[in-house]
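A look at the structure
Below are the chains, spelled out letter by letter.
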Amino acid sequence: MVLNRDMDSINRRVVLRAHPQGLVRDDDLAIEQGPVPQPDEGQLLVRNHWLSVDPMIRIFIDAAPLGGSVPPMPIGTTVPGPAVGQVIRSNRPDFAVGDWVEGRLGWQDYALSSGQGLNRIDPDDGPVELALGMLGLPGFSAFVGLDVAGPLAQGTILLVSGAAGAVGSAVGALARARGLHAIGIASGPGKCAWLRKTGYADAVDRTAPDFAEQLARAVGDRVDLYFDNVGGPMMDSVLPLMKRGGQVLICGLMAQYDDMVGREGGGHDRLPAFLAAVMARGLIVKAFANIDHLALRPAFLAEMGAIIRADPAIARVHVTQGMEQVPAAFRRLFTDSVVGKSLVRI
Ligand SMILES: NC(=O)c1ccc[n+]([C@@H]2O[C@H](COP(=O)([O-])OP(=O)(O)OC[C@H]3O[C@@H](n4cnc5c(N)ncnc54)[C@H](OP(=O)(O)O)[C@@H]3O)[C@@H](O)[C@H]2O)c1
């Protein structure tokens, strides 16, 4: 079956032109055009409408991802970002033309898929783009992180870095629903005010000159759980505030993605101070990858769906228009953050 309405003859793709050195530059990525691919037997063709720009992509496109433990992505590859789109051709019985789907479809207009890893979206559940934000991988990462942390009693003091971002805003929403006392770190008074309205008991501006003092006033040294989305120098401010026996939960390290192995050698070595704090305070350190916990997805969708139905404004997205803006929107994640989930509409 074919849905002609959406067919076009050109497929624009954001491809890797050069492995970034440090902060990604717009011209590390290029937009190329080619013919729309045609699905083989067992494949689908999806017309993408929403592309997700995610910090983790910076690791994928590095010259030596994760210190060289994964091979680099070949130059010319379509950047494999998540996307939401509509099936326009289907050679599979399990997906019909017109179905809305989410998956790692790549930063392009049209994507072929075998159906593996695709999630069907019901547009009656709300705006389809939320499947890339609070109802998608960022929200799921927040849910998984709190699950990995283990049972958290009401009133648990939870400190969250990158709190106004896609994952952090979902942590705040879950914290409010579960009666946790969440304190968010974000840049600027505007974002902090938004956090206080949307689940965070308090928020601290990381750009304030007296940030460390403000943070200490907000949490004392009573942090039960540090939900870390950024890594980097923020850890220096947080470690002295951890409660004895508290947990450091590493969700992401986006402050370090430009230089995961200290190639540039600019910063000081934080490992000795980190280990000393772990020992002195008896800290538990955990990390997780959401894909290792896919069995939690139905429970996540049920809880987060109910939270968003009760307060739709909590699921904020920041929308940039146009395929040509994808490289700049991606770069902005690291230079000029926004509130909520960053998306590009194409
Ligand atoms: N473990 C997993 O399975 C998993 C899954 C998805 C994502 N992640 C990770 O989770 C983290 C958050 O992802 P996201 O999608 O929420 O990203 P996001 O929407 O870009 O939000 C991240 C926030 O971090 C703050 N930030 C950025 N650079 C920073 C820096 N150098 N120092 C301090 N804060 C900084 C920014 O807020 P302010 O400027 O307001 O502070 C930004 O809003 C990333 O590290 C990502 O890789 C992990």
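Residues numbered from 1 in each chain as written. Predicted model: local features only at pLDDT ≥ 70, side-chain atom pairs only at ≥ 80, totals over all residues. Heavy atoms only, no water.

So, about the overall build of the chain. Summing up its helical and strand segments, the chain has 10 helices and 15 strands in all. Burial statistics for the chain: of 346 residues in total, 51% are counted as buried. For the chain, restricting intrachain contacts to residue pairs at least 6 apart in sequence, the fraction spanning at least 24 positions comes to 69%. Surface exposure of the chain reaches about 15200 Å², of which carbon and sulfur atoms provide 54%. Within the chain, one finds 32 positive and 36 negative side-chain charges whose respective centroids are separated by 3 Å. (Helix = DSSP H or I, 4+ residues; strand = E, 2+ residues; numbered from the N terminus. Buried < 20%, exposed > 50% of the residue type's maximum accessible area, 1.4 Å probe, protein only. Contact = heavy atoms within 4.5 Å. Areas by Shrake-Rupley, 256 points an atom, 1.4 Å probe, with all protein chains shown as cover. Lys, Arg positive; Asp, Glu negative; His and termini not counted. Charge placed at Lys NZ, Arg CZ, Asp CG, Glu CD.)

Going through the model one piece at a time under the given rule, you end up with 0 disulfides. In this structure C192 is not part of a disulfide, and its nearest cysteine sulfur, from C251, lies 19 Å away. (Disulfide = S-S within 2.5 Å.)

What follows covers the pairing of strand β8 (residues 157-160). Neither face of β8 is exposed, since I157 and L159 on one face and L158 and V160 on the opposite face are all buried. For β8 and strand β9 (residues 181-186), the ladder comprises 4 bridges, and the chain directions are parallel. Each bridged residue has a counterpart across the sheet, and for I157 the counterpart in β9 is H181. A crossover links β8 with its parallel partner β9, the connecting element being helix α4 (residues 166-178), and its sense is right-handed. In this sheet, strand β11 (residues 223-228) lies alongside β8 in parallel orientation, the contact comprising 3 bridges. The residue bridging L158 from the neighbouring strand is L225, located in β11. (Pairing = 2+ DSSP bridges. Right-handed = clockwise from strand over helix to strand, strands pointing away.)

Here we take up the site of the ligand. Around the ligand, a shell composed of 25 residues is seen, among which V167, S187, R206, Y257 and S337 lie nearest. Contact between the ligand and S187: an oxygen atom at 2.6 Å from a side-chain N or O atom of the residue. A breakdown of the residues in the shell around the ligand according to their chemical character gives 15 nonpolar, 8 polar and 2 charged. When residues of the shell around the ligand are sorted by domain, at least three fall in each of domain 1 (4-133 + 315-345) and domain 2 (137-291). (Near = heavy atom within 4 Å. Polar contact = N/O pair within 3.5 Å; in protein donor to acceptor, adjacent residues only side chain to side chain. Nonpolar A, V, L, I, M, F, W, Y, C, P; charged D, E, K, R; others polar. Domains from an automatic or database assignment.)

Let us look at the sheet that holds strand β12 (residues 242-250). Here we have 6 strands laid out as an open sheet, ordered β10-β9-β8-β11-β12-β13, and parallel in their pairing. Because the sheet does not close on itself, it has two edges, and the strands there are β10 (202-205) and β13 (284-287). Averaged over all pairs of adjacent strands, the angle between their axes in this sheet comes to 20°, without regard to strand direction. Relative to β11, helix α3 (residues 137-149) is tilted by about 145°, and along the sheet it contacts β8, β11, β12 and β13. Lying over the sheet, helix α8 (residues 271-281) contacts β12 and β13, oriented at roughly 135° with respect to β12. (Axes fitted to C-alpha atoms, helices over the stretch in contact; angles between N-to-C directions.)

Under the 1.5 Å per step criterion, the end-to-end length of α4 is 19 Å for 13 residues, consistent within 8% with the ideal 18 Å. Taking burial as the measure, the 13 residues of α4 include 10 buried ones, the bulk of the element. Of the positions making up α4, those classed as buried are A166, V167, G168, S169, A170, V171, G172, A173, L174 and A175. (Expected span 1.5 Å × (residues − 1).)

Turning to the nonpolar core, a few remarks are in order. Judged by nonpolar contacts, the single largest core of 41 residues is most densely connected at M134, L158, V171, L195, F227, M304 and I308. Taken together, the elements giving at least two residues each to this core come down to α3, β8, α4, β9, α5 (189-197), β11 and α9 (297-310). Here the element with the most residues in this core is α3; it accounts for 7 residues. Each of domain 1 (4-133 + 315-345) and domain 2 (137-291) contributes no fewer than three residues to this core. In this structure, L158 is in contact with L146, V171, A175, L180, H181, A182, I183, L225 and F227, ignoring residues within four places of it in sequence. Core analysis: the next-biggest nonpolar cluster, separate from the first, contains 30 residues, L51, M73, A83 and F334 among them. (Core = buried A, V, L, I, M, F, W, Y, C linked by side-chain atoms within 4.5 Å.)

Confidence in the prediction for the chain averages 93 pLDDT; 95% of positions are at 70 or higher. Across residues 1-6 the pLDDT falls below 50, and counting only partners more than four positions away or on other chains, this stretch makes 15 contacts in the model. (pLDDT = per-residue confidence, 0-100.)

Before going further, it helps to spend a moment on the pattern of salt bridges. Under the definition given, this model contains 16 salt bridges. K341 is the partner of D54 in a salt bridge, and the nearest nitrogen-oxygen pair spans 2.6 Å. A residue pair is termed long-range when its members are at least 10 positions apart, and D54 in the loop between β3 (44-52) and α1 (57-60) and K341 in strand β15 (residues 341-345) qualify at 287 residues. The burial state of D54 is the same as that of K341; both residues are buried. Several salt bridges share partner residues, and in doing so they unite R12, R47 and D109 into one network. (Salt bridge = Lys/Arg side-chain N within 4 Å of Asp/Glu carboxyl O.)

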